[in-house]
Amino acid sequence: MLKKIFFFFQSDLLFSISFFLALVASSFGRFDVHFIDFQVILTLFGLMLTINGLEKAGLLNFIGQRLLSKSHSLRALIRTIVLLSFFSSMVLTNDVAILTLLPMYLLITKGIQEQKSVLLGAVYLIVAANLGSSLFPFGNPQNLFLFSFYNLPLTTFLQTTGMMVVLSLTLLVGSIQLLPASPLIIKKTTHFFEKKYMVLYLGLMALMILGIFHVVPFVLSASIVAFVVYFFQKELFRSVDYRLLVTFACFFVIIGNINEQDKLIEMIQPFFQKEQQAFLGSITLSQVISNVPAAILIAPFTTYKKAVLLGVNVGGLGTLIASLANLIGYKLIKQALPQEQKRFQHKFYMVNILYLFIIGSIGYLYLGIG
């Protein structure tokens, strides 16, 4: 029994740390259910159900195989899979893009001699999912939280993230162009998708988006999604990342208690009272605790919405723990290519630090001009 409990907490350190800190914060402060932003929690829950439904319907695999069948060189293959990761993550989130596309990519490239390029392709795929998901409020959890917390107008949100996404796409395409254009023969496989479920979950996704933009009450949209999924494919409830939802709740409890400590607020606030300070602080904190909790921790202490939004999204680059999506990608690499872990890490840090420096520098200047 103790072993099971230990493994449960060991398997997700972010969840374990947030749970422990929430207990400590509640012990010295108080637990109040009003600390928790249920709009974010319920919206995430509904999005997870719809995204898992789309994934199970097989649409992304079908599109991926169709596109990959047209790739005639290793460079073209990597470009195709990276662009698919970049654009699909805008709607399906970075985690789902990586979980769906990376195993498919590793399977297709198995046996290819140029492992250096294959590993670089895997790194670019992960980076593309992180950067592409930055565009819309529902692309990743930190965006969803900040969009809700600051009540950002959609136009302001897109103006802020759009610059970063265009720059990111340019960098990715330019980087891939440096890879060798070795001839490639891809074994074709047949993938079907279930049209009925695809239409159903696209409709539910649209309903959730309407909830995010307050066109429909978020409680109503999440409830309808839960009811429909339970009726058609209730097994999808098992694929929801409940630990991520509890992690969010824990951080809300921690922040709620911090906000009631005047002396602590006085110590923290000075570090985020200038726009470029808030930007750099968001990036730095993301490297240590990942960008989702960084967004939740920083937002209450600054009014510089654009700086925090840009900072936590750029902050997904850098270390392996800067983004949960990075860890997911690394776990998949460890499973598929255990002998290549060190080489992958070397290339991961090489690309991520370079991209972090370039995009971070331009973001810093952009905020200074603005």
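So, how was this worked out
Residues numbered from 1 in each chain as written. Predicted model: local features only at pLDDT ≥ 70, side-chain atom pairs only at ≥ 80, totals over all residues. Heavy atoms only, no water. UniProt positions renumbered as here; feature names shortened; annotations may be inferred. Helix = DSSP H or I, 4+ residues; strand = E, 2+ residues; numbered from the N terminus. Buried < 20%, exposed > 50% of the residue type's maximum accessible area, 1.4 Å probe, protein only. Contact = heavy atoms within 4.5 Å. Lys, Arg positive; Asp, Glu negative; His and termini not counted. Charge placed at Lys NZ, Arg CZ, Asp CG, Glu CD. Core = buried A, V, L, I, M, F, W, Y, C linked by side-chain atoms within 4.5 Å. Phe/Tyr/Trp six-rings, centres within 6.5 Å; stacked < 30°, edge-to-face > 60°. Lys NZ or Arg CZ within 6 Å of the ring centre and 35° of its normal. Axes fitted to C-alpha atoms, helices over the stretch in contact; angles between N-to-C directions. Parallel < 35°, antiparallel > 145°, perpendicular 65-115°, else oblique. Left-handed = near helix turned anticlockwise from the far one by under 90°. Patch = residues over 30% accessible without salt bridge, like charges linked within 9 Å, V, L, I, M, F, W, Y side chains within 5 Å. Areas by Shrake-Rupley, 256 points an atom, 1.4 Å probe, with all protein chains shown as cover. Salt bridge = Lys/Arg side-chain N within 4 Å of Asp/Glu carboxyl O.

As recorded by an unreviewed UniProt entry, the chain carries the name Citrate transporter-like domain-containing protein and is attributed to Enterococcus saccharolyticus 30_1. The annotation that UniProt attaches to the chain under Subcellular location (unreviewed entry) is "Cell membrane".

Draft legend 1. View of the overall build of the chain. Counting its regular elements, the chain contains 18 helices and 0 strands. In terms of its C-alpha atoms, the chain occupies a principal-axis envelope of roughly 65 × 50 × 50 Å. In the chain, buried positions account for 55% of the 370 residues. Long-range contacts, defined here as pairs at least 24 residues apart, represent 81% of the contacts in the chain between residues at least 6 apart. Across the chain, the centroid of the 26 positively charged side chains sits 13 Å from that of the 14 negatively charged ones.

Draft legend 2. Up close: the nonpolar core. Grouped together as the largest cluster of nonpolar side chains are 117 residues, with contacts concentrated most on L102 and F248. The dominant element in this core, judged by the number of residues it contributes, is helix α7 (residues 115–132), at 12 residues. Excluding residues within four positions of it along the chain, L102 makes contact with A97, A122, L125, I126, G329, L332 and I333.

Draft legend 3. Expanded view of the packing of aromatic side chains. Under the criterion given, the structure shown has 14 aromatic pairs. Geometrically, the ring pair formed by F147 and F157 is edge-to-face, given 5.7 Å between the ring centres and 85° between the ring planes. Here F147 is found in helix α8 (residues 141–149), whereas its partner F157 is found in helix α9 (residues 154–177), with 10 residues between them in sequence. The buried category is assigned to F147, whose relative accessible area is 6%. Here F157 falls in the buried class, since its relative accessible area comes to 0%. Each ring, one from F231 and one from F232, has its centre 5.2 Å from the other, and the planes form 85°; the classification is edge-to-face. Of the residues examined, F232 reaches a relative accessible area of 40% and is grouped as partly exposed. Members of the aromatic cluster, joined through ring pairs, are F45, Y230, F237 and Y242. When the ring centre of Y197 is taken as reference, the NZ or CZ atom of K196 above it lies at 4.8 Å.

Draft legend 4. A look at the packing of α7 against α9. Close contact between α7 and α9 brings their axes to 10 Å; oriented N to C, the two are set at 165°. In this view, α7 runs roughly antiparallel relative to α9, as classed from their interaxial angle. Crossing geometry of α7 relative to α9 is assigned as left-handed. Side by side, α7 and α9 meet where Y124, V127, A128 and L131 of the first sit next to M164, V165, S168, L172, S175 and I176 of the second.

Draft legend 5. Expanded view of a nonpolar patch on the surface. A contiguous nonpolar patch, built from L13, I17, F20, L21, V24 and F28 and spanning about 640 Å² of accessible area, is present on the exposed surface. Along the chain, V24 turns up in helix α2 (residues 13–28). Here V24 falls in the partly exposed class, since its relative accessible area comes to 31%.

Draft legend 6. Region of interest: α8. For α8, the buried fraction is high: 8 of the 9 residues fall into the buried class. Among all positions of α8, only P141, Q142, N143, L144, F145, L146, F147 and S148 are buried. Check the buried side of α8 and you find it contacts α3 (38–57), α9, α10 (195–212), α12 (242–258), α15 (291–298) and α16 (305–314). Count one or two residues on from α8 and you reach N151, which has phi positive near 50°.

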